[in-house]
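Given next are the chains, with one letter for each unit.
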Amino acid sequence: MKIKCLIIDDEPLAITVIENHLKNFDHIEVVETFNNPLKAYRVLEQEKIDVIFLDINMPQMTGFSFIENLSYKPLIVITTAYREYAVKSFELDVLDYLVKPIPFNRFLKTVNKIYQQVYVSSTTADASLQQEPHIFLKVNKKLIKVNLNDILYIESLKDYIKVITSLGDYVVHKSLSSITEELPQSNFMRIHRSYTISINKVIALDGNTVEISNRKIPIGRNYLKQTKERIFNINDDKK
């Protein structure tokens, strides 16, 4: 089964942009697109939709009114030309807020967020997605699917990151902060301004370093207490 989505926008070009972005992801299916949000309720009553890409300013009703009148709430991704609605959008618990025109690199971050939400949802019917959680990395203009369980750690390289996995390494034009936000906090944590690690891949603690797959990774001074407490249940404040 695939992640099912709707696209609701009164601008046909905006719908086309999102559709073209989504063609890069095999696990996401566009069930239907709508220029009129009122017509989307019919589909939502007939089948389970996982994600809605939703514009805000539309003639028939606003995206906010649409959300408030939902009988059940799929993941909502706001797509708008206006930045000023971000605060109100997140008050309605939307997954993400995309400002048009939507570049693919920013859209990729949203898709990775969608995958993480699907993995942790107990109501998701697609068991294969739950068993093999993954993210997509854009490497040399190619989208690479990387299983989260294969990631050992991630190293910052100024404007790039190196994702070290058990199957190989990938250099990606992305910040360490950005990739860390896309990963589930239950399995990954930042331990240094230059390193984010997979918690369950840690073998040992040696002073101010952790060992992962025979490689020693430094723990930053500001991250040391949190790292020891979370991974090794060590609290230096205890007497």
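Residues numbered from 1 in each chain as written. Predicted model: local features only at pLDDT ≥ 70, side-chain atom pairs only at ≥ 80, totals over all residues. Heavy atoms only, no water.

### Some words on the overall build of the protein
Thinking step 1. Along the backbone of the protein there are eight helices and 15 strands.
Thinking step 2. Across its three principal directions, the C-alpha atoms of the protein cover 60 × 45 × 35 Å.
Thinking step 3. Evaluated residue by residue, the protein yields a buried proportion of 47% over its 239 residues.
Thinking step 4. Restricting to contacts in the protein with at least 6 residues of sequence separation, those with at least 24 account for 49%.
Thinking step 5. Of the roughly 12800 Å² that the protein leaves accessible, carbon and sulfur atoms contribute 46%. (Helix = DSSP H or I, 4+ residues; strand = E, 2+ residues; numbered from the N terminus. Buried < 20%, exposed > 50% of the residue type's maximum accessible area, 1.4 Å probe, protein only. Contact = heavy atoms within 4.5 Å. Areas by Shrake-Rupley, 256 points an atom, 1.4 Å probe, with all protein chains shown as cover.)

### A look at the sheet that holds strand E10 (residues 168-172)
Thinking step 1. Overall, antiparallel pairing links the five strands, which are arranged E10-E9-E8-E12-E11 in an open sheet. Across the chains shown, the open sheet's two edge strands, defined by having one partner strand only, are E10 and strand E11 (188-192). Each strand axis lies, on average, 20 degrees off the axis of its neighbour in the sheet, ignoring direction.
Thinking step 2. Summarising the sheet, strand E8 (residues 151-157) and strand E9 (residues 160-165) pair through six bridges and their orientation is antiparallel. (Pairing = 2+ DSSP bridges. Axes fitted to C-alpha atoms, helices over the stretch in contact; angles between N-to-C directions.)

### As for the environment of Lys-39
Thinking step 1. Structurally, Lys-39 can be placed in the loop between strand E2 (28-34) and helix H2 (40-46).
Thinking step 2. On the basis of relative accessibility, which here comes to 53%, the residue Lys-39 falls in the exposed class.
Thinking step 3. The spacing of Lys-39 and Thr-80 is 41 residues in sequence and 20 Å in space, taken between C-alpha atoms.

### What about the pattern of salt bridges?
Thinking step 1. Under the criterion given, the structure shown has eleven salt bridges.
Thinking step 2. The salt bridge partner of Lys-100 is Asp-9, with a shortest N-O separation of 2.6 Å. Of the two residues, Lys-100 is situated in the loop between strand E5 (96-99) and helix H5 (104-120) and Asp-9 in the loop between strand E1 (3-8) and helix H1 (12-22); the sequence distance between them amounts to 91 residues.
Thinking step 3. Salt-bridge contacts for Arg-106 lead to Asp-96; the nearest nitrogen and oxygen are separated by 2.7 Å. Here the residue Arg-106 occupies a position in helix H5, and Asp-96 occupies one in strand E5, the gap between them amounting to ten residues. (Salt bridge = Lys/Arg side-chain N within 4 Å of Asp/Glu carboxyl O.)

### Re unusual backbone geometry
Thinking step 1. Cis geometry marks the peptide bond from Lys-100 to Pro-101; its omega dihedral reads -5 degrees.
Thinking step 2. Within the secondary structure layout, Pro-101 lies in the loop between E5 and H5.
Thinking step 3. Positive phi outside glycine occurs at Asn-140, with the angle close to 50 degrees.
Thinking step 4. For Asn-140, the position within the fold is in the loop between strand E6 (134-139) and strand E7 (142-147).

### A look at the confidence of the model for the protein
Thinking step 1. Residues of the protein with pLDDT of at least 70 account for 92%, and the chain-wide mean is 90.
Thinking step 2. Confidence, expressed as mean pLDDT per element, reaches its minimum in the protein at helix H6 (residues 127-131) with 50 and its maximum at strand E3 (residues 51-54) with 98. (pLDDT = per-residue confidence, 0-100.)

### A closer look at the pairing of strand E14 (residues 209-212)
Thinking step 1. Pairing between strand E13 (residues 202-206) and E14: four bridges, direction antiparallel. Paired with Asp-206 across the two strands is Thr-209, which belongs to E14.
Thinking step 2. Linking E13 to E14, which pair antiparallel, is a turn of two residues; within it Gly-207 sits at a positive phi near 65 degrees.
Thinking step 3. Where E14 lies against strand E15 (residues 215-218), four bridges are found, and the strand directions are antiparallel. When the sheet's bridge partners are listed, Val-210 is paired in E15 with Ile-217.

### A word on a nonpolar patch on the surface
Thinking step 1. A cluster of nonpolar side chains, contributed by Leu-157, Tyr-160 and Val-171, occupies part of the molecular surface with about 250 Å² of accessible area.
Thinking step 2. On the secondary structure map, Leu-157 appears in strand E8. (Patch = residues over 30% accessible without salt bridge, like charges linked within 9 Å, V, L, I, M, F, W, Y side chains within 5 Å.)

### Topic: the sheet that holds E15
Thinking step 1. Spatial ordering of the open sheet is given by E13-E14-E15, a layout of three strands whose pairing is antiparallel. In the strand order of this sheet, the two ends are held by E13 and E15, each with one partner. Each strand of the sheet is rotated relative to its neighbour by a mean of 30 degrees, with strand direction disregarded.
Thinking step 2. Relative to E13, helix H8 (residues 224-232) is tilted by about 135 degrees, and along the sheet it contacts E13 and E14.

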